[in-house]
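As a plain string of letters, each chain reads:
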Amino acid sequence: RIRYQPRPGRWPTAAEAAASRLFSPITVGPVTLTQRTWVPAMVPWRASEEGLVTPEVLDWYACFARGRPGAIVVEATGIRDVASGPLLRIGHDRFVPGLLSQGPFGRNLGATAQIRAAVRAAGFTTPVIAAGGIHSFEQAEAVLAGGQADIVGFARQALADPDWFLKVAAGRGADVRLCLYTNY
C-alpha cells in the first residue's frame, strides 16, 4: 500500500543541473566533494554473521558509487566485540582489512535548519547535511538555497534508483525511478 505519493516537480535540464547548488562542489575540511549530494548511512544487513565484509557488502556500495553521488557514508558498524548478526563490526583489528576494501518528505528539515543556524552562530562553518524523505531536485535545491543545509542526503531515493545523481545531472530526471516510501 502506498500512503505517500512523491511529487518530484519539474526535472532540470542538464544545463540547469550544472548551474545548481545541488551539483556544485563543497569543501569539507581537506576534502572537496564534487557535488552536495550524499548517500547517508543505512544498515543493509549484508555482512557475515561474524560482522565481516562480504561480496554483498561490496556490491551494495558499488551500486551507489556507479550513481556518482558527492559522498557515500558507510553503514552503522558494531563497535563491541560481540555477535551482532549481519551488521558490519569494527570492535577488533580483524575487521579492519575488510572495511578498508569498501570503496513523510523533508521531515527533518526544521531541525536541520536550526542545527545549521546554531553551528553558524557559534562561528563554525562545519557543513550540515539534510536527510529524511528528500527525493526531488526542486526540494533539494530549495533546501540549499534557503540555507537549511549545506549537503543533501538521499537514502531511500538512492535505494530506489542509485543512478538518481547521474540521471538528474544529465537532465534525464524523467528517467528516475522514484522511491514510493512503501515502508511508511
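Residues numbered from 1 in each chain as written. Predicted model: local features only at pLDDT ≥ 70, side-chain atom pairs only at ≥ 80, totals over all residues. Heavy atoms only, no water.

## Observations concerning unusual backbone geometry
Trans peptide bonds make up the majority, and among non-glycine residues the majority have a negative phi.
Right, on to step 1. Even without being glycine, Trp45 reaches a positive phi, approximately 55°.
Right, on to step 2. Within the secondary structure layout, Trp45 lies in the loop between strand E3 (37-39) and helix H2 (55-66). (Helix = DSSP H or I, 4+ residues; strand = E, 2+ residues; numbered from the N terminus.)

## Some details on the nonpolar core
Right, on to step 1. Leu22, Phe23, Ile134, Val152, Phe154, Trp164 and Val168 are the most contacted members of the largest nonpolar core, which has 26 residues in total.
Right, on to step 2. Those elements that place two or more of their residues in this core are H2, helix H5 (137-145) and helix H7 (164-169).
Right, on to step 3. In terms of nonpolar packing, the next biggest core, distinct from the first, is built from 5 residues, Ile26, Leu33, Ala71 and Ile151 among them. (Core = buried A, V, L, I, M, F, W, Y, C linked by side-chain atoms within 4.5 Å. Buried < 20%, exposed > 50% of the residue type's maximum accessible area, 1.4 Å probe, protein only.)

## Here's the deal with the side chain of Ser20
Right, on to step 1. For Ser20, the position within the fold is in the loop between helix H1 (14-18) and strand E1 (26-28).
Right, on to step 2. You can call Ser20 buried: its relative accessible area is 5%.
Right, on to step 3. In terms of polar contacts, Ser20 uses its side chain to reach the backbone carbonyl oxygen of Ala17, at 2.7 Å.
Right, on to step 4. A polar contact of 3.2 Å, which involves the side chain of Ser20, links it to the backbone nitrogen of Phe23.
Right, on to step 5. Setting aside residues no more than four positions away along its own chain, Ser20 makes contact with Phe137 and Glu141. (Polar contact = N/O pair within 3.5 Å; in protein donor to acceptor, adjacent residues only side chain to side chain. Contact = heavy atoms within 4.5 Å.)

## Observations concerning the environment of Leu58
Right, on to step 1. Its place among the elements puts Leu58 in helix H2.
Right, on to step 2. Accessibility expressed as a relative area gives 33% for Leu58, which makes it partly exposed.
Right, on to step 3. In this structure the C-alpha to C-alpha distance between Leu58 and Ala47, which are 11 residues apart in sequence, comes to 9.5 Å.

## Regarding H2
Right, on to step 1. Across its 12 residues, H2 extends 16 Å between first and last C-alpha, which sits within 8% of the 16 Å expected from 1.5 Å per residue.
Right, on to step 2. Taken as a whole, H2 has its buried residues at Val57, Trp60, Tyr61 and Phe64. For H2, the buried positions fall inside an angular range of 85° around the axis, keeping them on one side. Summarising the geometry of H2, the exposed residues directed more than 90 degrees from the buried face are Pro55, Asp59 and Arg66.
Right, on to step 3. Where the residues of H2 are buried, they touch E3, strand E4 (71-72) and helix H6 (156-160).
Right, on to step 4. Once H2 ends, the next one or two residues include Arg68, with phi positive near 65°. (Expected span 1.5 Å × (residues − 1). Arc of directions from axis to C-beta.)

## What to know about the packing of aromatic side chains
Right, on to step 1. The final tally for this structure, using the stated rule, is 6 aromatic pairs.
Right, on to step 2. Note on Phe23 and Trp164: the rings are 6.4 Å apart at their centroids and 25° apart in plane angle, and the pair reads as stacked. Across the pair, Trp164 and Phe23 agree in class, each one buried.
Right, on to step 3. Where Phe154 meets Phe165, the ring centres are 5.6 Å apart and the plane angle is 90°; that geometry is what we call edge-to-face. Linking Phe154 in the loop between strand E6 (151-153) and H6 with Phe165 in helix H7, this pair joins segments that are 11 residues apart in sequence. Each member of the pair, Phe154 together with Phe165, is buried.
Right, on to step 4. An aromatic cluster of at least three residues, connected via ring pairs, comprises Trp11, Phe23, Phe137, Phe154, Trp164 and Phe165. (Phe/Tyr/Trp six-rings, centres within 6.5 Å; stacked < 30°, edge-to-face > 60°.)

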